Amino acid sequence: MPDTIDPRFISDKPRLAVKVRKLSRQFGTRTVIDSLNLDIKAGEFVVLIGRSGCGKSTLLRILAALDQEVEGDIEVAQLRSVGFQAPRLMPWKKVWRNVALSLPGRPDKQRACEALAEVGLSHRTDVWPKVLSGGEAQRVSLARALVRQPDLLLLDEPFGALDALTRAKAQDLVNELWIRHQCAVLLVTHDVEEALLLADRVLVMDEGRIAHEVRVALPRPRAVNHHDFVALRSQLLTWLGVLSTNNNAATAIVS
């Protein structure tokens, strides 16, 4: 994150982790975010879906204060962390030191190891990133994001590069960690089923705005073949304009 953060990006209000009003972002003459409004409550798990190019990742980068060339009113929890699809581990630092990078001051190995234990990687603390599997590297990235005990966790397609089995395990892990840490989460994904498996609320983004939202009141853990789950999936796919002849398909991906 930048050393100096626009004060609009900092909020001390505990009720909301994110409060955005009339947010706009342009790249040249192209409007990517168009007068967008968004609230995320403290502790709420929100998933953002939409077609490629609709502004999902741009919005997440703005909330992470990685892009501040914007217009509008923005309040975001001051203590926040970001995780991306690529783990972005430094190959010249051992695993625990990669996790400790998120902490202020001198590297704190104890806290880093505790975070690694939370993601099931106690046995990998002193290895080099190059020996990790893709799933392990993503778990290290998650540990690095959570070691700061953030009030807001921003995740940009963190499971996109994982195989189906590893992805399912990673989804379960994120759900467990969210319950344990009770932080607000905003997850960007293309996977409709992933959204419904994890979210309290799913937002559909279109042309730079939040076009639709659905609250997911299903008990956890969720079953993809439950009739209410299937109905919600069909609703989201309809909003997304995806032609689906088989609503019981195991995975629905928005291109």
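Residues numbered from 1 in each chain as written. Predicted model: local features only at pLDDT ≥ 70, side-chain atom pairs only at ≥ 80, totals over all residues. Heavy atoms only, no water.

## Here's the deal with the overall build of the protein
Next, step 1: Scanning the protein from N- to C-terminus turns up seven helices and nine strands.
Next, step 2: For the protein, the residues scored as buried account for 48% of the 255 residues in total.
Next, step 3: Pairs at least 24 apart in sequence give 70% of the contacts found in the protein among residues at least 6 apart.
Next, step 4: As presented, the protein carries roughly 12600 Å² of accessible surface, and 50% of it is formed by carbon and sulfur atoms. (Helix = DSSP H or I, 4+ residues; strand = E, 2+ residues; numbered from the N terminus. Buried < 20%, exposed > 50% of the residue type's maximum accessible area, 1.4 Å probe, protein only. Contact = heavy atoms within 4.5 Å. Areas by Shrake-Rupley, 256 points an atom, 1.4 Å probe, with all protein chains shown as cover.)

## Observations regarding the environment of aspartate 191
Next, step 1: Residue position: aspartate 191 is located in the loop between strand E7 (184–188) and helix H6 (192–198).
Next, step 2: A distance of 3.0 Å separates a polar atom in the side chain of aspartate 191 from the backbone nitrogen of glutamate 194. (Polar contact = N/O pair within 3.5 Å; in protein donor to acceptor, adjacent residues only side chain to side chain.)

## Focus on the sheet that holds strand E5 (residues 80–84)
Next, step 1: With respect to topology, six strands assemble into an open sheet ordered E5-E6-E7-E3-E8-E9, the strand pairing being mixed. The open sheet has two edge strands, E5 and strand E9 (209–215), and neither has a second partner. Going across the sheet, the axis of each strand differs from the next one's by a mean of 20°, ignoring polarity. (Pairing = 2+ DSSP bridges. Axes fitted to C-alpha atoms, helices over the stretch in contact; angles between N-to-C directions.)

## Here we look at the pairing of strand E1 (residues 16–27)
Next, step 1: Relative to strand E2 (residues 30–41), E1 runs antiparallel, the two being bridged by eight bridges. Paired with leucine 23 across the strands is leucine 36, a residue of E2.
Next, step 2: As consecutive antiparallel partners, E1 and E2 are separated by two residues, and within that stretch glycine 28 has a phi angle of approximately 70°, a positive value.
Next, step 3: Strand direction decides the pairing type here: E1 and strand E4 (residues 71–76), joined by five bridges, are antiparallel. Residue pairing in the sheet places serine 24 in a bridge with glutamate 71 of E4.

## A few points about the confidence of the model for the protein
Next, step 1: Counting all residues, the mean pLDDT for the protein is 89, and 89% of those residues have values of 70 or more.
Next, step 2: Per-residue pLDDT stays below 50 along residues 247–253; that stretch engages in 17 contacts with residues further than four places along the chain or on separate chains. (pLDDT = per-residue confidence, 0-100.)

## Details of helix H7 (residues 227–240)
Next, step 1: Between its first and last C-alpha, H7 extends 20 Å over 14 residues, near the 20 Å set by a 1.5 Å rise per residue.
Next, step 2: Among all positions in H7, only Phe229, Val230, Leu232, Arg233, Ser234, Leu236, Leu237 and Leu240 are buried.
Next, step 3: Looking at the buried side of H7, the elements it contacts are strand E3 (45–49), H6, strand E8 (201–206) and E9.
Next, step 4: Just past H7, the residue glycine 241 takes up positive phi, approximately 75°. (Expected span 1.5 Å × (residues − 1).)

## Focus on the packing of aromatic side chains
Next, step 1: By the definition in use, this model includes one aromatic pair.
Next, step 2: Ring geometry for phenylalanine 45 versus tryptophan 178: centroids 5.4 Å apart, planes at 80°, classification edge-to-face. Linking phenylalanine 45 in strand E3 with tryptophan 178 in helix H5 (residues 164–181), this pair joins segments that are 133 residues apart in sequence. Tryptophan 178 carries the same exposure label as phenylalanine 45, and that label is buried. (Phe/Tyr/Trp six-rings, centres within 6.5 Å; stacked < 30°, edge-to-face > 60°.)

## So, the environment of aspartate 73
Next, step 1: Here aspartate 73 lies in strand E4.
Next, step 2: Sequence-wise, aspartate 73 and serine 24 are 49 residues apart; in three dimensions their C-alpha atoms are separated by 9.6 Å.
Next, step 3: Residues in contact with aspartate 73, not counting those within four places in the same chain, are Lys19, Val20 and Arg21.

## Side note on a nonpolar patch on the surface
Next, step 1: On the surface, Met90, Trp92 and Leu101 cluster together into a nonpolar patch covering about 310 Å² of accessible area.
Next, step 2: For tryptophan 92, the position within the fold is in the loop between E5 and helix H2 (95–100). (Patch = residues over 30% accessible without salt bridge, like charges linked within 9 Å, V, L, I, M, F, W, Y side chains within 5 Å. Salt bridge = Lys/Arg side-chain N within 4 Å of Asp/Glu carboxyl O.)

## Thoughts on the sheet that holds E2
Next, step 1: Here three strands make up an open sheet; going across it, the order is E2-E1-E4 and the pairing antiparallel. Only two strands of the sheet have a single partner each, and these edge strands are E2 and E4. Each strand of the sheet is rotated relative to its neighbour by a mean of 15°, with strand direction disregarded.

## Quick word on unusual backbone geometry
Next, step 1: The omega angle of the peptide bond from arginine 220 to proline 221 is -5°, so this bond is cis rather than trans.
Next, step 2: One non-glycine residue with positive phi stands out, namely lysine 22, at about 55°.
Next, step 3: Along the polypeptide, lysine 22 turns up in strand E1.
Next, step 4: Since its relative accessible area comes to 60%, lysine 22 is described here as exposed.
Next, step 5: A positive phi is found at alanine 65, a non-glycine position, where the angle reads about 65°.
Next, step 6: Among the structural elements, alanine 65 can be located in the loop between helix H1 (56–63) and E4.

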